[in-house]
Amino acid sequence: MKTNHSANSIGDPINRVDGVLKVTGQARYAAEHTHAMPQTPLVGFLVASTSAVGEITHLDTSKAEKAEGVQAVLTHTNAGPLKAFSQPDDEGRFTQSRAVLNDSHIRHYGMPVALVLAHTLEQARYAASLVAFNIDAQPAQLLLAPDQATEVPESLDGGFEPDVESGVAPTQSATDINVDMQYTTPSQISAAMEPHATIAHFDGDKLTVYPSVQIVASAVQALATTLEMDEDNIHVKSPFIGGGFGSKLGLHYDAILACIGARYLKRPVKVALSRRHVFYNTPHRGHSFQRMQLSCNSQGYLTSIAHHSAMPKAKGYTFAEATGAGARVTYHANYINSTHRVKSADTPLIDSTRSPGDAIGSLAFESAIDELAHKANIDPLTFRLNNMPKVHPVNGSRFTSHKLESCLQRGADIFGWQQKSNAKPGKVIGHGVASAMRMNVLVQSSANVAIDKNGMITVTTDMTDIGTGTYTILAQIAADAFNTSVDNVTVNLGDSQSPASCGSGGSFGAASTGSAVLKACEAVKSSLLSLLPEDYRDAQFLVTDKGLCVRQSNSEKIQETPLISLIDSTKFPISELGAVSDEDTSDDEQYSCGAHFVEVEVDTLTAEVRLKRQYGMFSAGRILNEKTAKSQIKGGMVWGAGYALTEAIHHHTDSASFVNPDFGEYHIAVNRDIAEVTVDFIDSPDFEASPVGAKGIGELGITGAGAAIANAIFDATGVRVRDFPITLDKVLEGLNKKAS
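Cut-off values and rules
- Residues numbered from 1 in each chain as written.
- Predicted model: local features only at pLDDT ≥ 70, side-chain atom pairs only at ≥ 80, totals over all residues.
- Heavy atoms only, no water.
- Helix = DSSP H or I, 4+ residues; strand = E, 2+ residues; numbered from the N terminus.
- Rg over C-alpha atoms; globule rule 2.2 N^0.38 Å.
- Areas by Shrake-Rupley, 256 points an atom, 1.4 Å probe, with all protein chains shown as cover.
- Lys, Arg positive; Asp, Glu negative; His and termini not counted.
- Charge placed at Lys NZ, Arg CZ, Asp CG, Glu CD.
- Salt bridge = Lys/Arg side-chain N within 4 Å of Asp/Glu carboxyl O.
- Buried < 20%, exposed > 50% of the residue type's maximum accessible area, 1.4 Å probe, protein only.
- Expected span 1.5 Å × (residues − 1).
- Pairing = 2+ DSSP bridges.
- Axes fitted to C-alpha atoms, helices over the stretch in contact; angles between N-to-C directions.
- Patch = residues over 30% accessible without salt bridge, like charges linked within 9 Å, V, L, I, M, F, W, Y side chains within 5 Å.
- Contact = heavy atoms within 4.5 Å.
- Left-handed = near helix turned anticlockwise from the far one by under 90°.
- Nonpolar A, V, L, I, M, F, W, Y, C, P; charged D, E, K, R; others polar.
- Arc of directions from axis to C-beta.
- Core = buried A, V, L, I, M, F, W, Y, C linked by side-chain atoms within 4.5 Å.

### Regarding the overall build of the protein chain
Within the protein chain, the regular secondary structure consists of 14 helices and 28 strands. The C-alpha atoms of the protein chain give a radius of gyration of 27 Å, which matches the 27 Å a tight globule of 740 residues would have. Projected onto its principal axes, the C-alpha positions of the protein chain cover 85 × 80 × 50 Å. With the model as given, the accessible surface of the protein chain reaches about 27,900 Å², and the carbon-plus-sulfur share is 47%. Averaging the coordinates of the 60 positive side-chain charges in the protein chain and doing the same for the 81 negative ones gives two points 5 Å apart.

Pasting the structure below:
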């Protein structure tokens, strides 16, 4: 037992409590739970469609079935009963059926046609090459131009309305300054370090599943719906996840394939998608066309903001991104118009990718704001500060807290706005700035906290840790409540038999589940106090070398008394459930915010762009752990650099396949692409947003980061690239045009 409390309070930058497990290989991820199985799992390898949409007309698995080590080949003819994909209609997208191999219809390129089950990966992969099939392919529907997107989505991710209009469109004055430009962003993928993987096993009617999934409770529902089972017979465990970034919010083909394989052969089955399979069989982000129409008066005050988004939507699936969310909330304007249109396309699943809507919406919106500022001949930082909203720009509601102006001002001072490094010969230096606003929500969550007579605390919830530090912050919240060390706290996560939480994603995990843990701790303390003599009712709890103690203060001295001398030891452990819902948060507007600053160096001959510095100042309520919070923000900023400079899925328009479905050609940012990345916080608890005072932080780092880089490139070169990513050829073309 540790009795040193000095480094364990909420906010302190302590190391991850699960760090040793991870660096020593003891933290087991989805595909590593073979030890928990009664037999060594068979390995499944999928056979992928070579057409985008159509019907399977011929399928021959005979050669594959005879191959060495093969135990079965599953197709739509023998996979067993499954509810049709995306049914029932009235279920949420994470609890609808995720069926695969349930009929002969192919919805997208790369979709599974068959699953080969063998003793080894090598055997399964070779046998998969022996499966013969034909598909009666139909022309694929894709979004190739913005005017093809004519459908109004039922709703947008995050609960936003597709179209919003506020104020009255102003009459244009001769002195008004306007920009009317189209920006494009490409398809992108989450690229989590851990590919999607699942191990499944049936014991009679009982199904145990180890998937890599961000929300455990909805995974149970999705499996029950898909497999047409009783939820009580399904046990999902996901204690460690190697990144998700939205792509693992729900279950995908790996989980369903592993389950139907285990059901068919009545033995454990493991399916781990290859990187190429991940590109086609898990979610990606669709490409966007974004028209930005902005106006300001001669003093630089915004008079109108119009943001029109066109994107593809996966056919038969409801997800649509809130690309215009940032344009609705970041700056004050007399008139705001935001619309979203989609086209149902024959593509792999389009779903949440980190900071959905905000990440790519900010690329266009914050670049356009910069364009307008330059056209008005006003410093881009000053322009932003001139247009800070006092209330929500669209609905007029108050913000529970709003620190964007402080982030911009303090960040500029620390970064040294427009205090540029000396340029080397043939190079130019540029500075860029962008704002970040990210909606905060509190999602229903619960957790159990138990404490024994020695002061050892156990936190239990089905909340997940996707590498963001959930184990650590929940341990800190519990340790802080009882004035003890995190070494005296055990946190159990990712088990569907634990109290249900919100899961990880959408920047809601830490505040929601953290608040549930805090409430459970308060309930435990209340139970302890009820067992104490009357004169101890105002005492505080702490852990010393004597165990769990109660501290009293009087005029003479501070007295610490072990609870086992005051409470019958048979009463321990004391265990209580804590829960939060939307009743625990304000009805007013809640946003986290931040300011990004970037310095770039551009070679005027080769057009090579090099990042020199990325700096961010952020406000997200109470910072639960400075170290893990900074890690999340820095990761988002690096991802923002990838969106700005390197990342893009390219489409074959004839086959609706991807040109570059692997890390050889899908260029994520690597060490050489990134320079100095630094982060600071304005730590300002917001108890209207959550009982623990925290607001969402996970997706804030990427929002605005790419636009700040684009704006810095313009500042350096005068070249404005509106077709992301900003690759060397686009900058070179702009430089050549300026030179001519």
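Having seen the structure, we can now continue with the description.
### Describing the pattern of salt bridges
One pass over the structure, following the stated rule, counts 28 salt bridges. Among the ionic pairs, Lys 248 bridges to Glu 194, the shortest N-O distance being 3.0 Å. In this pair, Lys 248 is assigned in the loop between strand S12 (234–236) and helix H5 (253–265) and Glu 194 in the loop between strand S9 (188–189) and strand S10 (197–203), connecting sequence segments 54 residues apart. The class for Lys 248 is buried, based on a relative accessible area of 0%.

### Considering helix H13 (residues 705–717)
Because an α-helix packs 3.6 residues into every turn, residues spaced three or four apart end up facing the same way. The terminal C-alpha atoms of H13, which comprises 13 residues, lie 19 Å apart, in line with the 18 Å expected from a rise of 1.5 Å per residue. Most of H13 sits out of view: 11 of its 13 residues are buried. Every buried residue of H13 is accounted for by Ala 705, Gly 706, Ala 707, Ala 708, Ile 709, Ala 710, Asn 711, Ala 712, Ile 713, Ala 716 and Thr 717. Directly beyond the C-terminal end of H13, a positive phi value near 75 degrees is found at Gly 718.

### A look at unusual backbone geometry
A cis amide bond links Gln 87 with the next residue in sequence, Pro 88, at an omega value of -5 degrees. Within the secondary structure layout, Pro 88 lies in the loop between strand S3 (70–74) and strand S4 (105–106). The residue after Phe 572, namely Pro 573, is reached through a cis peptide bond having omega -5 degrees. By secondary structure assignment, the location of Pro 573 is in the loop between strand S24 (558–562) and strand S25 (574–580). Backbone geometry at Lys 266 places phi at a positive 55 degrees, although glycine is not the residue there. In this fold, Lys 266 is placed in the loop between H5 and strand S13 (269–272).

### Topic: the sheet that holds S24
Paired through their backbone hydrogen bonds, the strands of a sheet run either parallel or antiparallel. Spatial strand order, S22-S23-S24: three strands in an open sheet with antiparallel pairing. Bordering the open sheet on either side are strand S22 (540–544) and S24, each of which pairs with just one other strand. The sheet shows a mean angle of 35 degrees between the axes of neighbouring strands, direction not considered. In this sheet, S24 lies alongside strand S23 (residues 547–553) in antiparallel orientation, the contact comprising five bridges. The residue bridging Gln 552 from the neighbouring strand is Gln 559, located in S24.

### Considerations on a nonpolar patch on the surface
A cluster of nonpolar residues, Phe 663, Ile 668 and Val 670, forms a patch on the protein surface that exposes about 220 Å² of accessible area. When you line up the elements, Val 670 lands in the loop between helix H12 (626–645) and strand S28 (676–681).

### Considerations on the sheet that holds strand S2 (residues 54–60)
Spatial ordering of the open sheet is given by S4-S2-S6, a layout of three strands whose pairing is antiparallel. The open sheet has two edge strands with one neighbour each: S4 and strand S6 (132–137). With two bridges connecting them, S2 and S4 associate as antiparallel partners. Considered in S4, the bridge of Gly 54 is made with Ile 106.

### Here we look at the environment of Asp 346
Take Asp 346: it is sitting in the loop between strand S17 (335–345) and helix H7 (358–375). Put simply, Asp 346 and Thr 472 are 126 residues apart on the chain and 42 Å apart in space, counted from C-alpha to C-alpha. The residues contacting Asp 346, other than those within four sequence positions of it, are Ala 52, Val 53, Arg 107, His 108, Pro 139, Ala 140, Gln 141, Leu 142, Lys 315 and Ala 656.

### Quick word on the packing of H7 against H13
With their axes 8 Å apart at the nearest point, H7 and H13 run at an angle of 35 degrees to one another. In this structure, H7 meets H13 at a crossing whose hand is right-handed. Of the residues in H13, those in contact with Ser 362, Leu 363, Glu 366, Ser 367, Asp 370 and His 374 of H7 are Gly 706, Ala 707, Ala 710, Asn 711 and Phe 714. In terms of residue class, the contact of H7 with H13 is made up of four nonpolar, five polar and two charged.

### Structural notes on the environment of Glu 583
Structurally, the position occupied by Glu 583 is in the loop between S25 and strand S26 (591–603). Overall, Glu 583 belongs to the exposed group, its relative accessible area being 73%. Separated by 139 residues in the primary sequence, Glu 583 and Gln 444 have C-alpha atoms spaced 9.3 Å apart.

### Observations concerning the pairing of strand S15 (residues 288–296)
Counting buried residues along S15, seven of its nine residues qualify, which places the element largely inside the surrounding structure. Judged from the nine bridges that link them, strand S8 (residues 177–185) and S15 form a sheet pairing that is antiparallel. Within the sheet, the bridge partner assigned to Thr 185 lies in S15 and is Ser 288. The sheet contact formed by S15 and strand S16 (residues 302–314) spans eight bridges and is antiparallel. If you follow Leu 294 over to S16, its bridge partner there is Ile 305. Two successive antiparallel strands, S15 and S16, enclose a turn made up of five residues, where Gly 300 displays a positive phi of approximately 90 degrees.

### Brief notes about helix H9 (residues 404–415)
Here H9 contains 12 residues, and its C-alpha end-to-end distance of 16 Å stays within 8% of the 16 Å for a straight helix at 1.5 Å per residue. If you check which residues of H9 are buried, you get Leu 404, Cys 407, Leu 408, Gly 411, Ala 412 and Phe 415. One face of H9 carries all of its buried residues, which in axial projection span an arc of 120 degrees. Residues of H9 that are exposed and angled more than 90 degrees away from the buried face: Asp 413 and Ile 414. Just downstream of H9, Gly 416 is the residue with a positive phi angle, here 85 degrees.

### Details of the nonpolar core
In terms of nonpolar packing, the biggest core is built from 91 residues, with Leu 294, Phe 597, Val 600 and Ile 709 touching the most fellow members. Top contributing element to this core by residue count: H7, with nine residues. With residues near it in sequence (within four places) discarded, Phe 597 still touches Leu 381, Cys 407, Leu 408, Gly 411, Ala 412, Phe 415, Trp 417, Gly 432, Val 433, Arg 613, Gln 614 and Tyr 615. Counting residues in hydrophobic clusters, the runner-up holds 58 residues, among them Leu 74, Val 100, Leu 207 and Val 236.

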